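# Reading the structure
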Amino acid sequence: MLKKGGLVVVAFILSGVLAYADIVDTIIPINAVVTKGVKFDKYSAGTKVISIDTFQHSLYQMNSVAELLSYQSLVNISAYGPGGLAALKMRGGSADHTTIVWNGINIKPPMSGELNLSGLNAGVIDNISIQPGGASTMYGTGATTGVVYLSNRLKLNNEGLNGQLGYEYGSAETKGITARGGYSGKAFGTRLGVSYQDSENNFEFINTDRFGDPKEKQEHAAYNTISVFQQNAFRIGETMKFETDVWYSNHFKEIPSSTSSALPGTNNQRDENVYFVLNMSKYGNNWFVKYRGGMLYYSINYLGYYGEESRRSINKSWSYINEVEAKYSLKKNHKLFIGINSTIDHAEVTDYTEAPWRNNLDVFGRYSSSLFNNYLKLNFEARQATVDYEFIPVVYSGGTEVKMVNSTSVKLSAAKVYNMPDLNDLYWANTGMAAGNPDLKPEFGWNSEGGLIFNHTLNNLNFNHEITYYRSELNDAISWIEDSTGVWKPRNYKHSKTNGFEFTGSTIYKFRSSVFKFSYDYSYINARVQDQTSDRNNYELKRYVPKHKAGFRVHYIYSRLTSAAYLQYVDEQPVDETGNALDRYFLVDLNINYQFDIREADLSVYIKLTNLLNTNYKLRAGYAQPLRGIYGGIKLKL
Amino acid sequence: MNKNISNFKFLAICTLVISVLASCDKDDDTPKGVYENGVFIVNEGNFQANNGSVSFYNYGADSVSNNIFKEVNNRVLGDVVQSIKLSGDNAFIVVNNSNKVEVVNRYTFEEEGVVEGITQPRYVEVNGSKGYVSCWDKTVKVIDINTFEILKSIDVGSGAERMLITNGNLYVANGGAYGTDSTISVISLETEDVVANINVKYNPKSLVLDKSGNIWALCSGKEVYDGSWNLVDESPAKLYKIDVATNQAVLEIELFASSHPTRLQIDNDGTTLYHDGGFGAPGIYSLVVDDVKATMTKIIDKSAYGFSYDSQTNVLFVCDAGSFQGAGTLYRYETDGKELGSYEVGIGPNGTGFKHTKQ
């Protein structure tokens, strides 16, 4: 498979070289993938933040956040087929151990602690970044193994009216449309965006789970996603800013049956979310205060058929958030950051014992300093959380970054992390088969990591690389276990430990009027878990965590032509503790984009070829992924 | 010339006879496959994880091989493997949540075919060239065991479970599925229609035949919940003795008031019944069919997700599913409760398939 991948890369570069001869010599700028070891907003010294490449993001505007993030080696997406429930995991943690932050607000639903990233359209987001590692001190419960940042930034840069329109059509009768428009002035800005994607999802695949390995067409798997976002920003004087953000998404999915079944699926689910965030900030000479308020609404409407009977389950939750943060510069290069967060969760679920309310009140703070002419950066953080007026043990973290010679830095960090039981764990009614457990304790653990950062420029070459080694443990990890009465209940049952290695990098090479940009990443994860009451060393590999994952992305830019190749290798993934595993796979995507200048507008046309090698693979046992696909689209930017 | 031909004929005949005799001996000695001499263990796997499997306990080696379907056929078996039935050279593996019955050679475990288009199948019984598959869509499907086609669908009660063939009829325990049923359907094998319904209380799960030709039915009892999942009605688990001549229950024995067993077995002689205790009374119990006092004796003190009686070796195979996270454990016991061994099997073991079976 590596030989095939090598030939693909050569063919791709050759096509770009041939195109070079005919194109006017103009470089189209593109944002580089940036790996950061420095503090940024709430990012701490000693940690790493990786932004999704903007060109790749623009090509996958019609796709979900899950599909876009699947190209990153530092995250693992476990999805029930395209458009199906998709959970994101980092560093061997579970899906509820990664926090999703949108415009500063933690938007994970309190019912399950897991956000279905298939229902979030990538086109409505301006920027997506990931931060592996524990961040409980800054984001509270759930940020145990990493954070995903989704942001929409409305800039008040006096650009005036602007707009964008896009359309895409492709395999499996998939089509999508996005439209944005707005106004950006000096003191006021507004923006509205709409995105719609619809797919029959009737792709072909080789069904290796059925007798005879038949080639089949996926049935009962259609989905559609509607997303609307609206933003306003006001600048009041020179030191005050006021912003409102609203994001509505509605995702419908027909749930196919398992690939081992010949009968088509009959069940379906609709996820409907509304997020509202209000930010007010005030700046002083050496201080900054921000108020952030939010209201989050989640609804899951599931219709299932059991033989001749059907059952509809409607689950809703709300979260009301109020947060105040203040930053103060004690002296030059010494900053103090404190905050207080109140989050009230409420749920109404068909199968709960009651309609609970949960009050979370947290105080948190960070001290950071930058010494010796920025050669040494330090920070210390702590968070005291309360849940329903009971104190949770304090969590704390620290990090440092030391600049060495030749643009090399060393970083170290350690963090205590925690994760509260979600509402499903606590309030699920005893149905005779499953029951919640109101006596659950929080999960607690540790993350630590160390690494090296290399940034170097040599003639026309620009290098950015980072290597990280990490270890983590989690105690009292919640797991649903069948008890002696045959009822499945969550218990603080497991102990998990993980160690791993991450490598990320990018290289930019400029040759005359061409730019070659390479970005690559590799992740090794050894994640194991066992019953923590066991006195034997009986750790087993965690489910759906591949030991090795690697990605390689190359962009070639010449004038108005941009071509890109994305290669991805994922090692086999255990699906249980008895040796069953998903096969390892290798994927290749190719993209070609050409931009036309039409007066003051930019018109782009593109072709996207996915799974070029026609690999038969799965992200989840029993749920197929499509073979080779082709998509074409246009984008108009005003 | 004629003498030469006669001699030749004589030699040819002798050669032929010797060859036939030699090949007969060879056939008798040649193993039919790796999985000839032992017991198959059915492992459900995790729901919707597509990791159900079959293990094999080898009598001679006293050891277990796991995941044999995937090892032989290089593909997964499917989602929630419910049961296995051996008949002739075939094994019929019921994969409940994959809505199919996989058919393999019982000696080599190589795939032969599949019966598809059936909803939530549970168990298979075989009579001649026909198989009968109990399904939770309130039907029993009649299949051709050679072509794997569905020949007919017969309406029965809800939650059709284990079956038994005797006296020209197929008896189907309608176990209630997620609700309640109180009938055993009687299907004529000649007409393939329901000819009677036997009333029992409630949710019959398992049927066996005793030495006198009576059917014993284990009813797990009912548990009824209201809309807020409060238990509002419960009935005890019971044993019924059924006279097949009249298709009437002639004896009722109450087992447990608040525990709901599901598995019934009978020994080689057809005189001693074995049943589990359900989650409320974990263990394996015995009861003698002629015992007028119906004394229930606990012989094995172990929580069992499933168990089976091996009529070849007079041994009880007890399946412990543990937490369903990781391998389950198979235990072998003498009928007096003495443990003979324990073995790691697949996830969620729920029972076995024997080549010699009375149930």
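Because the structure is a prediction, the values reported are computed rather than measured.

Rules and cut-offs
As a convention, each chain's residues are numbered from 1 in the sequence order in which they are written. Chains carry letters from A onward and ligands carry numbers from 1 onward, assigned in written order. pLDDT decides what is reported in this predicted model: residues at 70 or higher carry local features, side-chain atom pairs at 80 or more are listed and counted, and totals for whole chains, interfaces and linings draw on all residues regardless. To obtain the side-chain values, all non-hydrogen atoms of the structure were used and water was disregarded. Helix and strand definitions here come from DSSP, where helices need a minimum of 4 consecutive H or I residues and strands a minimum of 2 consecutive E residues; each element is numbered from the N-terminal end. Atoms considered for the radius of gyration are the C-alpha atoms alone. The globule rule reads 2.2 Å times the number of residues to the power 0.38. In this scheme, a residue with accessible area under 20% of its type's maximum is buried, one over 50% is exposed, and one in between is partly exposed, where area comes from a 1.4 Å probe on protein chains only. Computed with the Shrake-Rupley method and a 1.4 Å probe, the accessible areas treat only the protein chains shown as cover for residues. For the charge count, each Lys or Arg is scored as positive and each Asp or Glu as negative, with His and the chain ends excluded. For the purpose of locating charges, the reference atoms are NZ of Lys, CZ of Arg, CG of Asp and CD of Glu. When DSSP finds two or more bridges between two strands, those strands count as paired. The contact criterion used throughout is that any non-hydrogen atoms of two residues lie within 4.5 Å. Under the rule applied, a polar contact is a pair of N or O atoms within 3.5 Å (in protein, one hydrogen donor and one hydrogen acceptor; residues adjacent in sequence only if both atoms are side-chain atoms). Confidence of the prediction at every residue is given by pLDDT, a number between 0 and 100. Residue types Ala, Val, Leu, Ile, Met, Phe, Trp, Tyr and Cys, when buried and joined through side-chain atoms within 4.5 Å, form a set referred to as a nonpolar core. For any pair of parts, buried area is found by adding up, for both, the accessible area (1.4 Å probe) each one loses once the two are put together. Salt bridge, as used here, is a side-chain nitrogen of Lys or Arg placed within 4 Å of a carboxyl oxygen of Asp or Glu. Each residue is assigned to one class: nonpolar for Ala, Val, Leu, Ile, Met, Phe, Trp, Tyr, Cys and Pro, charged for Asp, Glu, Lys and Arg, and polar for all the others, Gly among them.

Next up on the list: the overall build of chain A. The helix and strand inventory of chain A stands at five helices and 38 strands. Since a compact globule built from 638 residues should have a radius of gyration of about 26 Å, the 24 Å found for chain A is in line with a globular shape. When its C-alpha atoms are laid out on the principal axes, chain A stretches across 75 × 70 × 45 Å. Within chain A, the fraction of its 638 residues that count as buried is 58%. Split by element, the accessible area of chain A, about 26,400 Å² in all, is 57% carbon and sulfur. Distance between charge centroids for chain A: 8 Å, based on 64 positive and 61 negative side chains.

Attention now moves to the pairing of strand β30 (residues 548–558) of chain A. Residue and element names in this part refer to chain A. Here β30 lies mainly inside the structure; eight of its eleven residues are buried. Pairing of strand β28 (residues 514–531) with β30, which is carried by eleven bridges, proceeds in the antiparallel orientation. Across the sheet, Ser523 pairs through a bridge with Lys549, a residue of β30. Of the strand pairs in this sheet, β30 and strand β31 (residues 561–570) are connected by ten bridges, and their pairing is antiparallel. Across the sheet, residue Lys549 finds its bridge partner in β31, namely Val570. Linking two consecutive strands that pair antiparallel, namely β30 and β31, is a turn of two residues; a positive phi of about 55 degrees is found at Ser559 within it.

This brings us to the environment of Tyr35(B). Residues and elements named next belong to chain B. Residue position: Tyr35 is located in the loop between α1 (2–29) and β1 (38–43). The spatial distance from the C-alpha of Tyr35 to the C-alpha of Thr271 is 30 Å, given a sequence separation of 236 residues. Each residue touching Tyr35, except ones within four places of it in the same chain, is listed here: Phe40, Phe56, Ile68, Val72, Arg106, Tyr107, Thr108 and Phe109.

Take the side chain of Asn273(A) next. All names here are of chain A. Relative to the elements of secondary structure, Asn273 occurs in strand β16 (residues 267–283). One polar contact links Asn273 to Tyr275, side chain to side chain, over a distance of 3.3 Å. Excluding residues within four positions of it along the chain, Asn273 makes contact with Leu115, Trp247, Tyr248, Ser249, Tyr297, Tyr298 and Ser299.

Quick look at the confidence of the model for chain A now. All names here are of chain A. When pLDDT is averaged along chain A, the result is 88, and 92% of the positions lie at 70 or above. Mean pLDDT across the elements of chain A bottoms out in strand β1 (residues 35–36) (26) and peaks in strand β11 (residues 188–199) (96). Predicted confidence for residues 1–42 stays below pLDDT 50, and this span has 93 contacts to residues more than four positions away or in other chains.

Residue and element names in this part refer to chain A. By size, the foremost hydrophobic cluster in this structure holds 56 residues, and its most contacted members are Leu69, Ile107, Leu150 and Trp247. At four residues, the largest contribution of residues to this core is made by helix α3 (residues 65–69). Residues within four places of Leu150 in sequence aside, it is in contact with Val65, Ile100, Val101, Trp102, Asn103, Ile107, Leu120, Ile125, Asn127, Ile128 and Trp247.

Bringing the interface of chain A and chain B into the picture now. With 38 residues of chain A at the contact, the number on the chain B side is 37 residues. Between chain A and chain B, the buried area comes to about 3,000 Å², and carbon and sulfur atoms account for 51% of it. It is Phe211(A), Ser260(A) and Leu263(A) in chain A that bury the most area against chain B; as a group they hold 19% of the surface buried on that side. The tally of links from chain A across to chain B stands at one salt bridge. Where chain A touches chain B, the interface holds 16 residue pairs in polar contact (both at pLDDT 80 or more). At the level of secondary structure, the elements contributing two or more residues to the side of chain A that touches chain B comprise β26 (461–482) and β27 (488–511) of chain A. A per-element tally of the side of chain A that touches chain B places β26(A) first, with four residues. Residues belonging to the side of chain A that touches chain B are distributed by class as follows: twelve nonpolar, 15 polar and eleven charged.

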